[in-house]
Amino acid sequence: MTYTSTNPLLANLNNLYLEYIGLIVLLSTVGVLLGIAGHFVIIGPNAKRLGKLKPEIVRLTPFERTAHFVRMLSFIILAVTGIAFALFHVGTLGLSYVAAYKIHLVFAALFTLSSLNSIFIWLKDSIFKTYDRDWFKVMGGYLTRKEIHPPSGRFNAGQKAFYWFSTFFSILIIFSGLMLAYPGKFGLNSLLWASVLHGISAIGLIAGVIAHAYLGSLANPGTIGTIIHGKVSREWAKNHHPQWFEEIEQK
Ligand code: HEM
């Protein structure tokens, strides 16, 4: 579909976006998956031994896990229905377009609530500290087979970066999505911007979340349990998050 706008630059941008969105989604997703596969084969999981120990320290509270679970589930459903709209201009999984659109709106509301909740409860743990520089200097040890554990608080510098990345794009996708859901309230140019920004945020979030899911599971044995039962082993905490471990030991 092509749009006419009072602003030719914006109209061209939107038409370019509509023409290439499928290709960009495909390339970014395949690119991240190839990067993950390459990392897994060449470098492999970080500190495998930490995955076999008994989880005994509470890392995520039931409240944090519920918010993360709702955010994760709603994100997956939004991504599947959203990709179906963008690429094929149809509904998905045998659903009509109208049914898929309704599902998209319901899960968008859940994504909004759970995102705002997660952004709020993890804000304090995501403020950068001076020791985070040392984590960045060695990229968290992810680029070497040697086991190294740079300084880290409750969240390491990479997780903090992902927190800010996902916060920025979640807010952008929520606001642009709200505008697209109420088209009668906005002018054409604003809606064209909303459409482009909604797509760009979706591409960023999908690629970022795939990488995040890999880092929270296969790349770091012993981590995935935090979003299921909420606990990690003492050794896991001591090695991956030494500053946080010290804090909880003192408590
Ligand atoms: C799709 C599957 C997902 C998996 C497997 C997953 C896994 C995880 C795990 C294991 C943690 C805890 C890490 C730790 O305790 O050190 C975590 C935390 C977190 N998750 Fe997810 N997650 C997923 C989806 C999402 C989505 C969709 C978002 C937001 C759009 C998100 C945002 C976060 C944030 C901000 C944190 C805290 C900081 C961090 O660990 O990076 N996650 N996730």
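Right, let's walk through the structure included here.

What counts as what
Residues numbered from 1 in each chain as written. Predicted model: local features only at pLDDT ≥ 70, side-chain atom pairs only at ≥ 80, totals over all residues. Heavy atoms only, no water. Helix = DSSP H or I, 4+ residues; strand = E, 2+ residues; numbered from the N terminus. Buried < 20%, exposed > 50% of the residue type's maximum accessible area, 1.4 Å probe, protein only. Contact = heavy atoms within 4.5 Å. Areas by Shrake-Rupley, 256 points an atom, 1.4 Å probe, with all protein chains shown as cover. Lys, Arg positive; Asp, Glu negative; His and termini not counted. Charge placed at Lys NZ, Arg CZ, Asp CG, Glu CD. Near = heavy atom within 4 Å. Polar contact = N/O pair within 3.5 Å; in protein donor to acceptor, adjacent residues only side chain to side chain. Phe/Tyr/Trp six-rings, centres within 6.5 Å; stacked < 30°, edge-to-face > 60°. Lys NZ or Arg CZ within 6 Å of the ring centre and 35° of its normal. Core = buried A, V, L, I, M, F, W, Y, C linked by side-chain atoms within 4.5 Å. Donors = N, O, S within 2.8 Å, 3.2 Å for Na, K, Ca; no water. Tetrahedral: all angles 85-135°; square planar, octahedral: opposite > 155°, others 65-115°. Salt bridge = Lys/Arg side-chain N within 4 Å of Asp/Glu carboxyl O.

1. With respect to the overall build of the protein
Here is step 1: In terms of helices and strands, the protein carries eight helices and two strands.
Here is step 2: Listing every helix and strand of the protein by position from the N terminus yields α-β-α-α-α-α-α-β-α-α.
Here is step 3: Dimensions of the protein along its principal axes, counting C-alpha atoms only, are 60 × 40 × 35 Å.
Here is step 4: In the protein, buried positions account for 39% of the 251 residues.
Here is step 5: Sequence separation of at least 24 residues holds for 76% of the intrachain contacts in the protein that already meet a minimum separation of 6.
Here is step 6: Carbon and sulfur atoms form 72% of the exposed surface of the protein, whose accessible area is close to 14,300 Å².
Here is step 7: Side-chain charges of the protein comprise 21 positive and 11 negative groups, with the mean position of each set lying 4 Å from the other.

2. Notes on the site of the ligand
Here is step 1: In the region of the ligand, 19 residues are neighbours, and Arg59, His68, Trp122, Gln159 and His212 sit closest.
Here is step 2: A distance of 2.8 Å is found between a nitrogen atom of the ligand and a side-chain nitrogen or oxygen belonging to His68.
Here is step 3: Taking Thr226, its side chain carries an N or O atom lying 3.3 Å from an oxygen atom of the ligand.
Here is step 4: Secondary-structure elements contributing two or more residues to the shell around the ligand are α2 (62–88), α5 (157–181) and α6 (188–215).

3. What about the packing of aromatic side chains?
Here is step 1: Evaluated as defined, the whole model comprises twelve aromatic pairs.
Here is step 2: Aromatic side chains Tyr163 and Trp164 sit 4.9 Å apart centroid to centroid with 85° between the ring planes, which places their arrangement in the edge-to-face category.
Here is step 3: Relative accessible area serves as the criterion here: at 6%, Tyr163 is assigned to the buried category.
Here is step 4: The exposure class assigned to Trp164 is partly exposed, which follows from its relative accessible area of 35%.
Here is step 5: Ring geometry for Phe165 against Phe169: centres 5.0 Å apart, planes inclined by 65°, an arrangement best described as edge-to-face. Separated by four residues within a single helix, Phe165 and Phe169 lie in helix α5, roughly one turn from each other.
Here is step 6: Owing to a relative accessible area of 32%, Phe165 belongs among the partly exposed residues under this scheme.
Here is step 7: The exposure class of Phe169 is buried, given its relative accessible area of 15%.
Here is step 8: Joined through ring pairs, the aromatic side chains of Phe128, Trp135, Phe136 and Tyr142 make up one cluster.
Here is step 9: The ring of Trp244 carries Arg59 above its face, with NZ or CZ at 4.7 Å from the centroid.

4. Examining the nonpolar core
Here is step 1: Counting ten residues, the largest nonpolar core is built from Phe75, Leu78, Ala79, Phe107, Phe111, Phe169, Ile173, Ile174, Leu205 and Ile206.
Here is step 2: Once residues lying within four places of it in the same chain are set aside, the contact partners of Phe169 are Ile200, Ser201 and Leu205.
Here is step 3: Among the nonpolar cores identified, the runner-up in size contains eight residues, and Leu50, Val232, Trp236 and Phe245 belong to it.

5. Some points on the coordination of the iron atom of the ligand
Here is step 1: The iron atom of the ligand binds to the protein through His68 (NE2) and His212 (NE2); the donor distances cover 2.0 Å.
Here is step 2: Classification of the site at the iron atom of the ligand as octahedral follows from its six donor atoms and the range of 85 to 179° in their angles at the metal. Here His212 lies in helix α6 and His68 lies in helix α2, a separation of 144 residues in the sequence.
Here is step 3: For His212, a relative accessible area of 31% translates into the label partly exposed.

6. Quick word on the pattern of salt bridges
Here is step 1: Inspection of the entire model under this criterion finds seven salt bridges.
Here is step 2: Residue Asp125 pairs with Arg154 through a salt bridge whose shortest N-O separation is 2.9 Å. Here Asp125, found in the loop between α3 (97–121) and α4 (132–137), pairs with Arg154, found in the loop between α4 and α5; they are 29 residues apart in sequence, far enough to count as distant.
Here is step 3: Here Asp134 and Lys137 are joined by a salt bridge, their closest N and O atoms 3.5 Å apart. One end of the pair, Asp134, and the other, Lys137, are both in helix α4, three residues apart, so they sit about a helical turn from each other.
Here is step 4: The partly exposed category is assigned to Asp134, whose relative accessible area is 35%.
Here is step 5: A single salt-bridge network, built from bridges that share partners, covers Glu64, Asp125 and Arg154.

Taken by themselves, the reported measurements are silent on function.
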